[in-house]
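# Working through the structure, step by step
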Amino acid sequence: MRVLVVDDEPLLVKSVQRVLVRDGHEVVTAGHGGEALDVLSTTSVDIVLSDVRMPVMDGVEFVRRLSGMTQAPPVVLLTGYADVSDAELRAEGVIAVLGKPVEVAALLETLRRCCRR
């Protein structure tokens, strides 16, 4: 499975990338939502893991822009902030929300569950 990881924290991106590659996934990365849209214009992915709070374009705006794409990939949002509600994000088309720091087992199970759909 090809996963796009979108986060402005390079250490988190490297950590998630290492876990996903070890689990057999191919990983593409972006530092914010705008960069992720650029990546998606040239690369197809099976799923997106995106932070919510990022500079340039946050995760919620990124999801809103994705909803206009034909065959947009499913999105799982990662957030460390309690003020962003699951209901608000799911209304934007997000299929799962995981808290940061994300547990490896929960992340991998979420990816498997989401891609079975």
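Refer to the structure printed above.
Computed from a predicted model, the values in this text were never measured in an experiment. (Residues numbered from 1 in each chain as written. Predicted model: local features only at pLDDT ≥ 70, side-chain atom pairs only at ≥ 80, totals over all residues. Heavy atoms only, no water.)

### Some words on the packing of helix 2 (residues 33-42) against helix 3 (residues 59-66)
Packed helix pairs are characterised by how far apart their axes lie and by the angle those axes make with each other. Axis separation between helix 2 and helix 3 bottoms out at 9 Å; the angle between their running directions is 30°. As the angle between them shows, helix 2 and helix 3 are arranged roughly parallel. Taken as a pair, helix 2 and helix 3 cross one another with a handedness that is right-handed. Of the residues in helix 3, those in contact with Gly33, Ala36, Leu37 and Leu40 of helix 2 are Phe62, Arg65 and Leu66. (Axes fitted to C-alpha atoms, helices over the stretch in contact; angles between N-to-C directions. Helix = DSSP H or I, 4+ residues; strand = E, 2+ residues; numbered from the N terminus. Parallel < 35°, antiparallel > 145°, perpendicular 65-115°, else oblique. Left-handed = near helix turned anticlockwise from the far one by under 90°. Contact = heavy atoms within 4.5 Å.)

### Notes on the side chain of histidine 25
Relative to the elements of secondary structure, histidine 25 occurs in the loop between helix 1 (10-22) and strand 2 (26-30). On the basis of relative accessible area, histidine 25 is assigned to the buried category, the value being 12%. Dropping the residues within four chain positions of it, histidine 25 is found in contact with Met1, Val3 and Leu20. (Buried < 20%, exposed > 50% of the residue type's maximum accessible area, 1.4 Å probe, protein only.)

Fair warning: the whole summary comes from geometry, so function is off the table for now.
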